[in-house]
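Now for the letters of each chain:
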Amino acid sequence: MIVTWMLQTYLKDICRIVNGLLKTALGPPTGSTTALSPAQDITFRHESVKCLVSITKSMGAWMDQQTRIGDLYLPKISECNGTPEHHLPLNGEEGNASDHELHPDVNSEFSDAAALEQRRAYKIELQKGISLFNRKPSKGIEFLTSNKKIGRSPEEVAFFLKNTAGLDETKIGDYLGEREEFCLKVMHAYVDSFNFNGMDFGEAIRFFLRGFRLPGEAQKIDRIMEKFAERYCKCSPSSFSSADTAYVLAYSVIMLNTDAHNNMVKDKMTKADFIRNNRGIDDGKDLPEEYLGSLYEQIVKNEIKMNADSSAPQSKQANSFNRLLGLDGILNLVNWKQNEEKAVGANGLLIRHIQEQFKSNSGKSESAYHVVTDVAILRFMVEVCWGPMLAAFSVTLDQSDDKLATTQCLQGFRHAVHITAMMGMQTQRDAFVTSVAKFTYLHCAADMKQKNVDAVKAIISIAIEDGDYLHEAWEHILTCLSRVEHLQLLGEGAHSDATFFTSSNFETEEKTPKTLGFSSFKKGTLQNPAMVAVVRGSSYDSTSVGVSASALVTPEQIQNFISNLNLLDQIGNFELNHVFAHSQRLNGEAIVAFVKALCKVSLSELQSPTDPRVFGLTKIVEIAHYNMNRIRLVWSRIWNVLSDFFVSVGLSDNLSVAIFAMDSLRQLAMKFLEREELANYNFQNEFLRPFVIVMQKSNSAEIRELIVRCISQMVLSRVSNVKSGWKSVFMVFTAAAADEQKNIVLLAFETMEKIVREFFPYITETETTTFTDCVRCLLTFTNSRFNSDVSLNAIAFLRFCAVRLADGGLVCNKTGSVDGTVVVVANCVSDVQGLTDKDDHASFWNPLLSGLSKLTSDPRSAIRKSSLEVLFNILKDHGHLFSRTFWNSIFYSVIFPVYNSASGKRDVSLQESSCSDSSASIHPEGSTWDSETSSVAAECLIDLFVTFFDIVRSQLPGVVSVLTGFIRSPVQGPASTGVAGLMRLTSDLGSRFSEEEWKEIFLCLKDAAISAVPGFMKVLRTMDNIGVPNISRTYADMEWSSDHELTNDEFGDDNLQTATYVVSRMKNHIAMQLLILQVATDLYKMHHQSLSAASIEVLIALYSSVALHARQLNSESNLLKKLQKACSILELSGPPMVHFENESFLNHLTFLQNVLVDDYFTHAEIDIETELVAVCENVLGIYLKCAESVTHPGTVPVPHRKLPLSSAKKEEIAARTSLVVSALQGLEGLKKDSFRRYIPRFFHLLVDLVRSEHSSGEVQFALSNIFRSSVGPFIME
């Protein structure tokens, strides 16, 4: 209690008292006179300082007293709440009554009495066990299990705790929170017994907490809430991205419940506060504001009731409720984004109320006393007097060497720091701490005195006593400790850390042999610039000192420095290390601030240009070890700071520092992996992420190799404990697989090989998504350019992964049942219909299959072939597990891109009902596939399609399009492969094809032929830009002047190259078109009985389009002349234009004749005869035009006589003879009525043939036959 006068008078008195004491402590001003003797003046000044210290001490003592009062009202929970007799456990009664119920006929008096006695004895034993549990939970469980009242399995004990009446809820919570192995198993079984399926988060946590009371120890709460979060995410896998989110949100909900339902909490948390506090908790993303708002309303309107609520006064319970739950150091962590001084402002109402009371009583004459119990009033006093106190303590400490005076000043500093730190007065706290730190004179050791050493001791005491409230001031304290350690090393003659930063320690020793020992000091000379900087000193804020060449150190400075180093012997290693060991006792906020400050100090040490050191780095490793067992909520915040630090240091230009940092990180990771991680959590991954970042960004091959070795060692030695850390492991190995150093690639793959071969079950033990990470890593190894064996082995491992996936090698925790049973993928995929509904397997199969699909375009032949075989073997071996929908997805995203990528295209556009959009060339010039690869690819595709035809038959157009793409290839090998593949496909499945599917096949052939024409014609048009003299002369003129010699003067070199390319393309185009016609003809011959009229129409259109295209090419007279000249100059054989035209018409004609002979279709469906007559007309017309006589320009034609045909014309006529004969035979084969109907259309052509010149008698013979058999009878009628 503190008694204060009215505020106005009181503040003025405080100012007068403190300022008066300050003036007295500072002594009379310079130049003034005083009646006091020097001794009296000094005593008077010291007493003034003592008074100021006493004032400061009394403030701190009152503040501590008021703070401790709340602890006296902590609710006391009895060890046993009592167990009324009527609270009988149901399981006990049921277990006892079972024997009696099995024998209803046994109704004798003796048996009834025995049964009753047996039940009574059972109840007595059970009540004894419950009573013992309520005193000592472990003893009670041991008693009950040994007497066989409950089973010994964790599940049976958990059932007992959950369903037995009379158990103390507090003791249940304590027992569940224990860290012993059996207690942990019981807790896991207890939590797993809850079914949160269908519950929202607020409802789930309310349901969970109704059966026990959260223990008072933070570590116990952490273990329980960690398991709760895992269980909730397992029951509701789509609720959050990971269990980490549920874990943090659980604490936030508990804090909200406490805040909202305690009357003494005046500054209530708003909905906006709650939403802001939970930003970024869902794996870096925000939860929906609507969701958080609804959760807020649910908790605020309906309190989460904790059983066995304390009967302590509400006013005191409000202040101590969080302590009772063990949450006083935890709940504020959820609110870490708020201003730390926000709570202080909450007392503004109280202060204004006191001011109003003072004003209302100011006019009264009598004195009034006001009792104040809230420590907020102390802020006024500190704000008024902290400046004078700081000045008094600082000036006295600086000017006086008196032991008593300096001790008093340092005590004043300690009390002032304690008050300002506890009150959250950041500015004042930092001012006092900084002043003490400066008075240590560690930055200028040559001028140190005993009082400075005492200041160091004061700094250490402040760190130990007030560490929870220092926050940013930790940086000053840790800087002092760093400097103390540095000076102590110098005093011991040890080598500086600079030797650690050199490339060779031997070189350092040669250059500066023992320059840091006392022997060097005694000689009065210093060679080391860093040593000179230490002796000469610097300002307090300097982190490094540059020493000029002219700056010398005197022997006197050296002697003072040596003497002062001896003073530091008063501070042993124990005191220094105690600060860091004590860090494990700091609260959650304080340890985070401590780590931030230590990282900052360490970075400044490492970046020092004159004397870099690793003290801070080593201490970071130490405090990480000390604090690793903190609850996950706190440790995650610590690691966020440390992670950034290790990344920064790991990317340092100094190789030695980076190596030291990565090795330190390895040590921490090894220790951290000893901790068990539950399913759906992501903290191991976060812990190992610095390895990933440094691996990806470091330019040092040594660092990258070290990281690979560190990760390999961790995985192989802690493989059973690795859970979410697999993601980071595979990311490191993925980066290593793409490394430019061969040894790094091979080293990483060696570990990957061991992981896949021996430890594959561990990969997906808790997270099935790590399977995808493993697959991506192996795919990266397949691209290794150093060793093809690595690539081939990686492909083989991918097949192994597929086998494990198909056999149920992945544990489906996310889709597991809510009753705790384990479900494997094999159980999920055994039913094809099940896959259709869920298709959860797609996320695992897709990366694997897509990766192999992309590998088929690898420039290395062995890799292409191996990936093709493995891909299709996987599909063939495990395709029975896939649904129809997934098969469709596989074709579009995996299979068709295989053939598309070979042509250098990126996208495949395949439609289920038509292949017209996907009939582009699969292998244009420059394709990466050779004939062997094309053959393997086609065979694999057909094998797969035939095997699963019933389920994938909808993909027939796409498959045929792929095969026709091979046929369109300009290379002979792939074209032959395409023909063979299509023939095999129709041979194996022809009898199972429907009429519509046959139509689709022929449509693809037709589209393949037609779609190639535009691109070919575009190439052909390039000849239009080539001018050749006299090219406009007729063909006859060319023949008449055939003796004219052609020279390449008429063609430039570029034009000749163009002509060469055009000739080559034309030959390939003609061969492809004829090959398509041949395939169509063969398919018709083999399967004509299965074809519908619609299919015949498509074939007719195909033959017609090719024939017309051939005719169009032959009509390009100028183009043919240019090509003839070019071929003559280049000594090349010309493109077989006449052959192309003859063969296309002949195939068309033959097909129509075969259709007429087969007679499967009525004339009402298809008018074959009309089409046949039209084709014959075209053939006869072409022949007659070729055989027609041509006169020279300006000459008069001779009546009834024709010039003899040139040799070229005779050759062309000879080439067309067989076609004309076939056309005449086709007309002759028409039925009598049909011939009579169509003869007006072609009779004049027959007459012209009679008078034309022929190269052989075949035409005349065919003409005589048609006149004799068809025309003659018609005329004779």
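Note that the structure is a prediction, hence the values are computed from the model and not measured.

1. Details of the packing of helix 51 (residues 1093-1114) against helix 53 (residues 1137-1158)
Each packed pair of helices is defined by two parameters, the angle between the axes and the distance between the axes.
At step 1: Helix 53 packs onto helix 51 with a crossing angle of 155° between their chain directions and a minimal axis gap of 8 Å. With respect to helix 53, the axis of helix 51 lies roughly antiparallel. Regarding helix 51 and helix 53, the two cross each other, and that crossing is left-handed. Note on element contacts: helix 53 touches helix 51 through Met1137, Val1138, Phe1140, Glu1141, Ser1144, Phe1145, Asn1147, His1148, Phe1151, Leu1152 and Val1155, opposite Ile1096, Leu1099, Ile1100, Tyr1103, Ser1104, Val1106, Ala1107, His1109, Ala1110, Arg1111, Leu1113 and Asn1114.

2. Notes on the environment of valine 1179
At step 1: Position of valine 1179 relative to the elements: it lies in helix 54 (residues 1168-1187).
At step 2: The sequence separation of valine 1179 and leucine 1149 amounts to 30 residues, and the corresponding C-alpha distance is 9.4 Å.
At step 3: In contact with valine 1179, other than residues within four places in its own chain, are Phe1145, Leu1219, Val1220 and Ala1223.

3. A short note on the confidence of the model for the chain
Segments scoring low in pLDDT should not have their predicted coordinates read at a detailed level.
At step 1: Overall, the prediction assigns the chain a mean pLDDT of 76, with 73% of residues at 70 or greater.
At step 2: This stretch, residues 503-526, has a pLDDT under 50; its non-local contacts, to residues over four places away or in other chains, come to 36 contacts.

4. Here we look at the side chain of serine 1144
At step 1: Topologically, serine 1144 is positioned in helix 53.
At step 2: Other than its neighbours up to four places away in sequence, serine 1144 contacts Leu1074, Leu1077, Val1106, Ala1107 and Ala1110.

5. A look at helix 33 (residues 701-717)
For an α-helix the count is 3.6 residues per turn, leaving residues at separations of three or four pointing the same way.
At step 1: Its 17 residues give helix 33 an end-to-end C-alpha distance of 24 Å, which sits within 8% of 24 Å, the value for a rise of 1.5 Å per residue.
At step 2: The set of residues buried in helix 33 consists of Ile703, Arg704, Leu706, Ile707, Val708, Cys710, Ile711, Ser712, Met714 and Val715.
At step 3: Of the surrounding elements, those touching the buried residues of helix 33 are helix 30 (632-650), helix 31 (655-672), helix 32 (683-697), helix 34 (725-737) and helix 35 (742-758).

6. So, the packing of helix 18 (residues 378-399) against helix 19 (residues 403-422)
At step 1: Between helix 18 and helix 19, the least distance of the axes is 10 Å, while the angle of their chain directions is 150°. It follows from the interaxial angle that helix 18 and helix 19 lie roughly antiparallel. Considering only the axes of helix 18 and helix 19, their crossing is left-handed. Seen from helix 18, the contacting residues are Leu378, Val382, Leu390, Phe393, Ser394, Thr396 and Leu397; seen from helix 19, they are Ala405, Thr406, Cys409, Leu410, Gly412, Phe413, Ile419 and Thr420.
At step 2: Class assignment of the residues belonging to the contact of helix 18 with helix 19 gives a composition of ten nonpolar, five polar and no charged.

Thresholds applied
Residues numbered from 1 in each chain as written. Predicted model: local features only at pLDDT ≥ 70, side-chain atom pairs only at ≥ 80, totals over all residues. Heavy atoms only, no water. Axes fitted to C-alpha atoms, helices over the stretch in contact; angles between N-to-C directions. Helix = DSSP H or I, 4+ residues; strand = E, 2+ residues; numbered from the N terminus. Parallel < 35°, antiparallel > 145°, perpendicular 65-115°, else oblique. Left-handed = near helix turned anticlockwise from the far one by under 90°. Contact = heavy atoms within 4.5 Å. pLDDT = per-residue confidence, 0-100. Expected span 1.5 Å × (residues − 1). Buried < 20%, exposed > 50% of the residue type's maximum accessible area, 1.4 Å probe, protein only. Nonpolar A, V, L, I, M, F, W, Y, C, P; charged D, E, K, R; others polar.

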